Amino acid sequence: MVYYFFPAKTIFQYNTHIREVFSMKMSQLFGNRLKEDPADATTFSHKFLVRGGYVRPVSAGIYSLLPVGKRVIAKIENIIRQEMDRVGGQEVLMPVVLPADLWVESGRYQSVGAELLRFTDRNNKAMVLGMTHEEASCQIARTEINSYKQLPVMIYQIQTKYRDEARPRAGLLRVREFTMKDAYSFHTSQEDLDAYYQELHAAYERIFRRVGMKHVVSILSNTGMMGGSVSHEFMLLADCGEDNIFLSPDGKSYKANREVAVSGLKFERNGEELPLEKVATPHSKTIEEVATFLNVTPAQTGKAVFYSTEDGKELIFVLIRGDFEVNECKLKNVLGLNAIKFADDNLIRACGAVPGYASPVGIAEVPGKVRLVIDPSAAGTVNLVVGANEEGFHYKNFNYGRDMTGGLVADVACVREGDPCPVTGEPLQFKHGIEIGNIFQLGLKYSKSMKVNYLDKDGKSKPMYMGCYGIGVGRTMASVIEDNHDDYGPIWPMSIAPYQVHIVALQPNGTDSGEKAEALYRDLQAKGVEVLYDDRGEKAGFMFSDADLLGIPFRVIVSLKTLANGMVEFRTRASRDSEMIPVEQAAEVLAQRVRAELDRYL
RNA sequence: CGGGGUAUAGCUCAGUCUGGUAGAGCGCGUGCUUUGGGAGCAUGAGGUCGCAGGUUCGAGUCCUGUUGCCCCGACCA
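The number of helices and strands found in chain A is 16 helices and 30 strands. Taking the principal axes of the C-alpha coordinates as reference, chain A spans close to 95 × 65 × 50 Å. Taken across its 602 residues, chain A has 53% of its residues classed as buried. Put simply, of all contacts in chain A between residues at least 6 apart along the chain, 70% involve residues at least 24 apart. Computed over 70 positive and 77 negative side-chain charges, the inter-centroid distance for chain A is 3 Å.

In structure tokens, the structure reads:
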């Protein structure tokens, strides 16, 4: 039987829902460190989370948390709770399993794809596993909120979500089952929602700073399946990130996801419009081939890109200058469509176009069959080379407005690295990011369809303005590692480290080293410090490499060598510089330093 | 959902081409020696070789099917 020493008061109030254990001996710690990288790990966080014994894979994208991982997660959750409470949030808990009816009400039972896991219960009732809880929060909001006097209000939960991801990857960075903090706010006006959105934005900045991430930016993002208008994503800048971000050089003026990013490029129709001229361009289908053949730059060409609606019935013709790529997300947004795909050649031919030589000359919008979208790059440049709708021929000197009219002129171009920032005009920088949180203004999207109404001052029933705000907890833990590690393991910030001080006793068995280490272990606990004590008496290098994987910010090495001078050795996980501290003062000095370090994350 | 890969001990892998009845390193147990950056010696435990059929006297190995997992892409609050 193991007996733990319980301090009366701890520096860090470590709230779990179970018995509180502040300290641990390595000889009793559940979960092993691994000396070799898992074969399938490609990111630092994936390698270290598995090797350090924080998580274990159970199935594709499904993980168990081991004790040290659970402690990190609990601390992250606690910081999130504090900051949510600080902006007036009230914690609730909604079910993981939800009736499909609720999702039918909001319309998402139909609109969301296969990532929503659907099943039936024993009574053959349709159910879903919650992937996000707008519907559930609407359901409780509409039953609890009757009057404007009860608004605004924000509820949040920290709950398991399930998304049936097509391809989980990179350890905890992209999983199927995960823990998420999701918050929902309800307001009487757009103005009130705007103001609260800013408060949440500030709360998020505090959270990510407090968990120890240094390279987080909030960027403009696409609203996607959530609907609504305004949204921001909080991104940790990291090479392994899956998201593509454009930033102004100052990192502040403009920040946007590539899905929605715009550039400050201006297209001016300078130059005389020359007569349209048909030229032979044998075996030249791609922009590169045509430009080379006619000795022009891709920027002097226009390309036709064909998409279709998801059912494949309606053709979408996009004309864009040859040096740009179509941004499908922006295209979907301007068309108001949830999904598009590349058109197949049969549909293109059926609409009278010749794939590879398709021409904007002569094509016309046909309601229900053909839609035209012209990017400003093509509309705003004179004398382009475009297809002639005939195998082996192109037109020179195409001018929109003269040789083609109609269609929707809208920005559907991908921003390119180096394009001018729309705010400052300086070249935009391209970065990868990990999305760790997002905030959305949902407006009335859900409250209308789900009848989330309140009685206003004027006695009339009105729908509430809604916002929703998410943070991936496990992804945050992995991201902190991506942002804080060396070649040997994580370097945990004191605020979320599994323990605060790691005591390593060299040759502890039956020696002064063991006795002093044990005493320090107890003294630190008495002072409220969370201690991990490596009492195993393994080889020094073996214990040090385990300590590196555990990443505890402060390390104390107790050995006969330094005890001979009455000292123990102190070093931080980050710096590896060492310092001698008199053994009788060690507990007090360490407790003070832990306290000082924790204060940096308040 | 397309393309590629892979499945043998807790982990990392060899053995498959050329069929003959299970291997290494790490980890784990025991003993002795060791102890400031992944210790040594000795001795053990641990695998119906993903699953199901088939060929064969005999299948980890060959054939067919199937499933899991990983990577790239598509997709994705």
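This paragraph deals with the protein's contact with RNA strand B. Near RNA strand B you find 48 residues, and of these Lys35, Arg163, Arg174, Met180 and Ser559 are the closest. Residue Glu36 places a side-chain N or O atom 3.0 Å away from a base nitrogen belonging to RNA strand B. Here a sugar or linking oxygen of RNA strand B sits 2.7 Å away from a polar atom, N or O, in the side chain of Asn438. For the surface near RNA strand B, the element with the most residues is helix α14 (residues 540-550), which contributes six residues. Residues belonging to the surface near RNA strand B are distributed by class as follows: 17 nonpolar, nine polar and 22 charged.

Next up on the list: the packing of aromatic side chains. Working definition: an aromatic ring pair is given by the centre-to-centre distance plus the angle between the planes. This structure, assessed with the given rule, holds 11 aromatic pairs. Pairwise contacts between aromatic rings join Tyr204, Phe208 and Phe234 into one cluster. A cation sits over an aromatic face here: Lys47 above Phe44, 5.9 Å from the ring centre. Above the ring of Tyr446, the side-chain terminus of Lys445 is found at 5.4 Å from the ring centroid.

Mean pLDDT for chain A: 86, with 95% of residues reaching 70 or above. Across residues 1-19, confidence stays below pLDDT 50; counting only partners more than four residues off in sequence or on other chains, it has 44 contacts. In the predicted complex, the global pTM is 0.88; the interface-specific ipTM is 0.88.

Further remarks concern the pairing of strand β25 (residues 465-472). Within a regular beta strand, the side chains point alternately toward one face of the sheet and then the other, so they alternate between its two faces. With seven of eight residues buried, β25 is to be regarded as a mostly interior element. With six bridges joining them, strand β22 (residues 429-443) and β25 adopt antiparallel strand pairing. Counterpart to Asn438 in the pairing with β25 is Gly470.

Our next topic: helix α1 (residues 44-51). Burial within α1 is extensive, with six of its eight residues counted as buried. The inward-facing, buried residues of α1 contact β2 (55-59), β3 (62-65), α12 (473-483) and α14. Trailing α1 by a residue or two, Gly53 shows a phi angle of about 75 degrees, which is positive.

A separate point is the sheet that holds strand β7 (residues 126-129). Strand order in this open sheet of three strands is β5-β7-β6, and the pairing throughout is antiparallel. Each of the sheet's edge strands pairs with one partner strand only, and the pair in question is β5 (97-99) and β6 (118-120). On average, each strand axis in the sheet is tilted by 40 degrees relative to the strand beside it, whichever way the strands run. In this sheet, β7 lies alongside β6 in antiparallel orientation, the contact comprising three bridges. The residue of β7 that forms the bridge with Phe119 is Met127.

Judged by nonpolar contacts, the single largest core of 55 residues is most densely connected at Met84, Tyr204, Tyr469, Met477 and Trp492. Here this core takes eight residues from helix α6 (residues 190-210), the largest share from any one element. Setting aside chain neighbours within four positions, we find Tyr204 in contact with Met84, Lys181, Phe234, Gly437, Asn438, Ile439, Tyr469, Gly470 and Ile471.

Definitions and cut-offs
- Residues numbered from 1 in each chain as written.
- Chains lettered and ligands numbered in written order.
- Predicted model: local features only at pLDDT ≥ 70, side-chain atom pairs only at ≥ 80, totals over all residues.
- Heavy atoms only, no water.
- Helix = DSSP H or I, 4+ residues; strand = E, 2+ residues; numbered from the N terminus.
- Buried < 20%, exposed > 50% of the residue type's maximum accessible area, 1.4 Å probe, protein only.
- Contact = heavy atoms within 4.5 Å.
- Lys, Arg positive; Asp, Glu negative; His and termini not counted.
- Charge placed at Lys NZ, Arg CZ, Asp CG, Glu CD.
- Near = heavy atom within 4 Å.
- Polar contact = N/O pair within 3.5 Å; in protein donor to acceptor, adjacent residues only side chain to side chain.
- Nonpolar A, V, L, I, M, F, W, Y, C, P; charged D, E, K, R; others polar.
- Phe/Tyr/Trp six-rings, centres within 6.5 Å; stacked < 30°, edge-to-face > 60°.
- Lys NZ or Arg CZ within 6 Å of the ring centre and 35° of its normal.
- pLDDT = per-residue confidence, 0-100.
- Pairing = 2+ DSSP bridges.
- Axes fitted to C-alpha atoms, helices over the stretch in contact; angles between N-to-C directions.
- Core = buried A, V, L, I, M, F, W, Y, C linked by side-chain atoms within 4.5 Å.

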